[in-house]
Amino acid sequence: MDHKETIFQGILEGNASAVESAAKAALAEGVSAAVLLNEAMIPAMSEVGRLFEENEYYVPEMLISARAMKTGLAVLRETLVEEDVKPLGVVALGTVKGDLHDIGKNLVSIMVEGAGFEVIDLGVDVGPQDFLKAVLEQGAQAIGMSALLTTTMPSMKATIDALKEAGVRDKVKVVIGGAPVTQRYADEIGADGYAPDAAGAANLVKKLLAS
Ligand code: B1M
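Just so you know, these numbers come straight off a predicted model, no measurement behind them. (Residues numbered from 1 in each chain as written. Predicted model: local features only at pLDDT ≥ 70, side-chain atom pairs only at ≥ 80, totals over all residues. Heavy atoms only, no water.)

Peer 1: I tried to follow helix 4 (residues 59–80) on my own but got confused; where do I start?
Peer 2: It helps to recall that an α-helix has 3.6 residues per turn; residues three or four apart then point in one direction. Between the first and last C-alpha of helix 4 there are 29 Å, a value that for 22 residues agrees with the 32 Å anticipated at 1.5 Å per step. Considering bend angle alone, the principal kink of helix 4 is centred on Ala74 and spans about 30 degrees. When we look at burial in helix 4, the residues that qualify are Ser65, Ala66, Ala68, Met69, Gly72, Leu73, Val75, Leu76 and Leu80. (Helix = DSSP H or I, 4+ residues; strand = E, 2+ residues; numbered from the N terminus. Expected span 1.5 Å × (residues − 1). Bend = angle between axes of the 7 residues up to and from the residue. Buried < 20%, exposed > 50% of the residue type's maximum accessible area, 1.4 Å probe, protein only.)

Here's what the structure looks like:
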């Protein structure tokens, strides 16, 4: 089995140590972190989602796969993030209220940091007031919200409303994303932009904060 296959299988089986050693070995052999991410790790999580939909996997299996994915991401992190770059701005990121999915948000965090921004990672289950606090008290110039559940998407609008009520909506850029989120939804709730993936989110933040 080559390293990509070991990583793919390791995530499917929730074998974090196999994922960790294969990712380290692949990087040492010069395989790029982006290749490991896009050709092994993200496809493995999509497969986990498919198995869950078909009732072959249940929440515990998803959970151990997610742990293996996070272990792999931690190995890639250093390679993905450029070091010694003066921050271009401050961006607060979080998964919205009621939502505990953080793998996509963590990837966005790595890419935004890699694009040269200081990231305030607010974690998961982040409510409108927590995003607002990051703007008012920590100087976030942009906020990024992630949602993986259709039921938690309305929290994105609630956060934009909270920014409006506090009179700071025009001082901060709002970027949204996550599997059920679309450009149409972003337009509907008045976000500044939507990105389909982590690299897209980093580019969008760069573009919005430059304008
Ligand atoms: Co859950 N889950 N989950 N889950 N889970 C999904 C999302 C689901 C689609 C599975 C399915 O049915 N096929 C489904 C949602 C259905 C829906 O609402 N439409 C679902 C469900 C139902 C649930 C529970 C309700 C299950 C239950 O308890 N019965 C429950 C909810 C818990 C909660 O949040 N309150 C639940 C729980 C869990 C676990 C805890 C077990 C685990 C999460 C662990 C963790 O994150 N720490 C989990 C997992 C792993 C998944 C799947 C399998 C994988 C998600 C993932 O990490 N993908 C997922 C199925 C799937 O997505 N195919 C599923 C990999 C990740 C890299 O992709 O997060 O999409 P993603 O991020 C992408 C883009 O979306 C984008 O960039 C990333 C790629 O570059 N992106 C952004 C993300 N955020 C962005 C922000 C941006 C821009 C881009 O700007 C700011």
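Peer 1: When you look at the pattern of salt bridges in this model, what are you seeing that I'm missing?
Peer 2: For side chains bearing opposite charge, pairing can occur when the charged atoms are close. All chains considered together, the criterion is met by ten salt bridges. Arg169 serves as the salt-bridge partner of Asp192, at 3.0 Å between the closest nitrogen and oxygen. Remark: Arg169 occurs in the loop between helix 7 (154–165) and strand 4 (173–177) and Asp192 occurs in the loop between helix 8 (183–189) and strand 5 (193–194); sequence separation between them is 23 residues. Looking at Arg169, the relative accessible area reads 16%, which means it is buried. Sharing partners across several salt bridges, the network here consists of Glu47, Arg50 and Glu54. (Salt bridge = Lys/Arg side-chain N within 4 Å of Asp/Glu carboxyl O.)

Peer 1: How do you make sense of the domain arrangement of the protein chain when you look at a structure like this?
Peer 2: Put simply, an interface is often sized by how much accessible area is lost when its parts join up. When the domains of the protein chain are assigned, the result is domain 1 (3–82) and domain 2 (90–210). A C-alpha centroid distance of 25 Å is found between domain 1 and domain 2. In this assembly, eleven residues from domain 1 lie in contact with eight residues from domain 2. Both sides together, the interface formed by domain 1 and domain 2 hides about 900 Å², and carbon and sulfur atoms give 72% of it. Contact with domain 2 buries surface across domain 1, with Lys70, Leu73 and Arg77 losing the most and accounting together for 47% of the total. (Domains from an automatic or database assignment. Contact = heavy atoms within 4.5 Å. Buried area = accessible area lost by both parts, 1.4 Å probe.)

Peer 1: Whenever I open this one, the nonpolar core confuses me. Can you help?
Peer 2: Looking at soluble globular proteins, one finds that nonpolar side chains tend to be buried together. If you look at the biggest cluster of nonpolar residues, it comprises 38 residues, and the most contacted ones within it are Ile7, Ile11 and Met41. Of all the elements in the fold, those that place two or more residues in this core are helix 1 (3–13), helix 2 (16–28), helix 3 (33–53), helix 4, strand 1 (90–95), helix 5 (103–114) and helix 9 (198–210). The greatest single-element share of this core, amounting to seven residues, is contributed by helix 4. When we break this core down by domain, the ones giving at least three residues each are domain 1 (3–82) and domain 2 (90–210). When neighbours within four sequence positions are excluded, Met41 is seen to be in contact with Ile7, Ile11, Leu36, Met69, Gly72, Leu73 and Leu76. Listed in part, the 26 residues of the second largest apolar core include Ile120, Met145, Tyr185 and Ala191. (Core = buried A, V, L, I, M, F, W, Y, C linked by side-chain atoms within 4.5 Å.)

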